[in-house]
Amino acid sequence: RDVNSFSGFKQQKPTKIHIWYPFINHSLASTTLYFSIKPTFFNMQILSLALLVLATVSKSAVAFAPAAFTMPASRTSRPAGALQMATATSEKPLTELCEITKEACEAVAPMLNELYSQIKIGTGTSDTAAFKSDATFFTIADGIVQHMFIEYLFAGDKFGDIVGEEDDSVVNILETPYTVDELVVPEEFEELIKDTLEKVKALSVRIDGKAYKDMTVFVDPIDGTREFATGKGDKVTILVGYNDAHGHPQAGIVYRPLTTPHYWASGAKSEDFKDGVLDTPDEINSKGLLITDGKVSPFIMSTIENSGMNMVPSLASGNRVLMLVEGKAGAYIRDTGGFAKWDTSGPQAVLEAYGGIMGKLPEFLDDKSVISYTHLKTKINKDFCKMSVGLTLSNAKDKSMFIPGLDSIVKDVHLVKEYSCLQGLVALAPTKMEAFYLNAIHSAMNNIKKESPPTYT
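Residues numbered from 1 in each chain as written. Predicted model: local features only at pLDDT ≥ 70, side-chain atom pairs only at ≥ 80, totals over all residues. Heavy atoms only, no water.

Peer 1: How would you summarise helix α4 (residues 190–204) if you had to cite specific residues and measurements?
Peer 2: For α4, built from 15 residues, the straight-helix expectation of 21 Å at 1.5 Å per residue is met to within 8% by its first-to-last C-alpha distance of 21 Å. Of all the positions in α4, only Glu 190, Ile 193, Thr 196, Leu 197, Val 200, Leu 203 and Ser 204 are classed as buried. Buried residues in α4, looked at end-on, bunch into an arc of 135 degrees, giving them a common side. (Helix = DSSP H or I, 4+ residues; strand = E, 2+ residues; numbered from the N terminus. Expected span 1.5 Å × (residues − 1). Buried < 20%, exposed > 50% of the residue type's maximum accessible area, 1.4 Å probe, protein only. Arc of directions from axis to C-beta.)

Structure (structure tokens):
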């Protein structure tokens, strides 16, 4: 309320009252009323009664009278998973966000294809490729795509927070020569980058500036950077995830920019939205279990043998989830780490929109609970579990603390990266959501976990 001179009853100035009321589509509106009455306690009670009667007969308002003189509820007081759309102009704001993000992926795809064609000619020593300190490739494409998304597509104060895999990169695409950290972008790419940036800027103005204030965005500009730099572009994806105030993915996209056509999937479960162009196989492989390109842990190997599932080789986190949606496998389970929350945010939202699940392994092993990783901006890992995580080269914040060949169980959360996924993963395709399959996978893992316990890293 903003009652003018409420404490000075003798003044005869008109009383000004702000009334906030929610519409059925969850947007909020306000009305300012002016009354030439004294703001006495009696008059306020009469006015409250009149508003209560009005609310009862109004079909466009939802029970605002009991709170007629209070501001809207705190953002943190809404139900878990609900997104408060303070001034949303769309009835399905997450759907709209997915559609704009897909167009942004389409806009950067030609640029990525041109850079990819050059990287395939000279990997490793190319002017457009260098090694990351954790043995993965860093490319000019990685830095530029993230820069365009975070600094231009999401420009302004539209979201609560934004987290990107390449947050430490320093990118210049305003003055030539363009640079990404110490790398100089070849001159022949400058016009293409300039044109791409203009397309991304044009999309930015379509994003509601007030509807997503509670959301945290996670961006992986090129998931599968090693694949990008070694000629396996069909495994590369762009990942964008939109997470609510609790860190649970609400909407996202997984987009393959280097395939013909571009295969992709996006979705927002709460709005019953899913869309995409899928590379579906001739026969669904619901018994397939995706394995990484690295060493398969004893826990995963024993689970496969005990469950009767078949191994499906796969590369890159986002690509694996898209494979589940496409029906190329029924499950993606891992106990070891090597992946981060920008690898799970968008993919989880997509998988859930299509009817699958994704969550941390320990809770699923316990009682089949599906508990999401926490996708929020942070300085310490919000999913750390003391005395259960082994220190590795990929999850160590200070890599000098990692000693090869030494099993180090972490006691201090400050030793691990803030966005590393440390509790494994269970991701099941829509075809595996029947109770029979859930029980079978759960039993298979529990039957072998004593002899081959999971190794969380």
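Peer 1: Give me the lowdown on the side chain of Lys 158, citing residues and values where you can.
Peer 2: Looking at where Lys 158 falls in the secondary structure, it is placed in the loop between α3 (140–153) and β5 (161–164). It turns out Lys 158 is buried and unbridged, and the closest side chain with the opposite charge, Asp 208, is 9.0 Å from it. (Lys, Arg positive; Asp, Glu negative; His and termini not counted. Salt bridge = Lys/Arg side-chain N within 4 Å of Asp/Glu carboxyl O.)

Peer 1: Go over the sheet that holds strand β13 (residues 273–277), please, and point to the residues and values.
Peer 2: Taken in spatial order, the six strands make up an open sheet running β5-β9-β10-β11-β12-β13, and their pairing is mixed. On the outer flanks of this sheet lie β5 and β13, each paired with one strand and no other. Looking at each pair of strands side by side, their axes are set apart by 10 degrees on average, direction ignored. Sheet topology places strand β11 (residues 249–255) next to strand β12 (residues 264–268); four bridges connect them, and they run antiparallel. Note that in β12 the partner of Tyr 255 across the bridge is Trp 264. (Pairing = 2+ DSSP bridges. Axes fitted to C-alpha atoms, helices over the stretch in contact; angles between N-to-C directions.)

Peer 1: Please set out the packing of α3 against α4 residue by residue, giving values where relevant.
Peer 2: It is the contact of α3 with α4, at a shortest axis distance of 9 Å, that shows an interaxial angle of 35 degrees. Crossing geometry of α3 relative to α4 is assigned as right-handed. Judged by residue contacts, Ile 144, Met 148, Tyr 152 and Leu 153 of α3 engage Ile 193, Thr 196, Leu 197, Val 200, Lys 201, Leu 203 and Ser 204 from α4. Here the residues of the contact of α3 with α4 sort into eight nonpolar, two polar and one charged. (Left-handed = near helix turned anticlockwise from the far one by under 90°. Contact = heavy atoms within 4.5 Å. Nonpolar A, V, L, I, M, F, W, Y, C, P; charged D, E, K, R; others polar.)

Peer 1: Would you mind going over empty space enclosed by the protein in detail, with residue names and values included?
Peer 2: Considering all chains together, one arrives at two cavities of 30 Å³ or more under this definition. By volume, the largest cavity amounts to about 90 Å³. Surrounding the largest cavity, Leu 290, Ile 291, Thr 292, Lys 295, Val 296, Ser 297, Ile 300, Ile 333, Arg 334, Asp 335 and Thr 336 form its lining. Counted by class, the lining of the largest cavity contains five nonpolar, three polar and three charged residues. Empty space within the second largest cavity amounts to approximately 30 Å³. Contributing to the lining of the second largest cavity are Ser 317, Val 321, Tyr 332, Phe 339, Asp 343, Thr 344, Met 358 and Leu 425. (1 Å grid on protein atoms, 1.4 Å probe; cavity = no way out; pocket = protein on both sides within 12 Å on 5 of 7 lines; lining within 4 Å. Points joined across faces, edges and corners; volume = space filled by probe spheres on them.)

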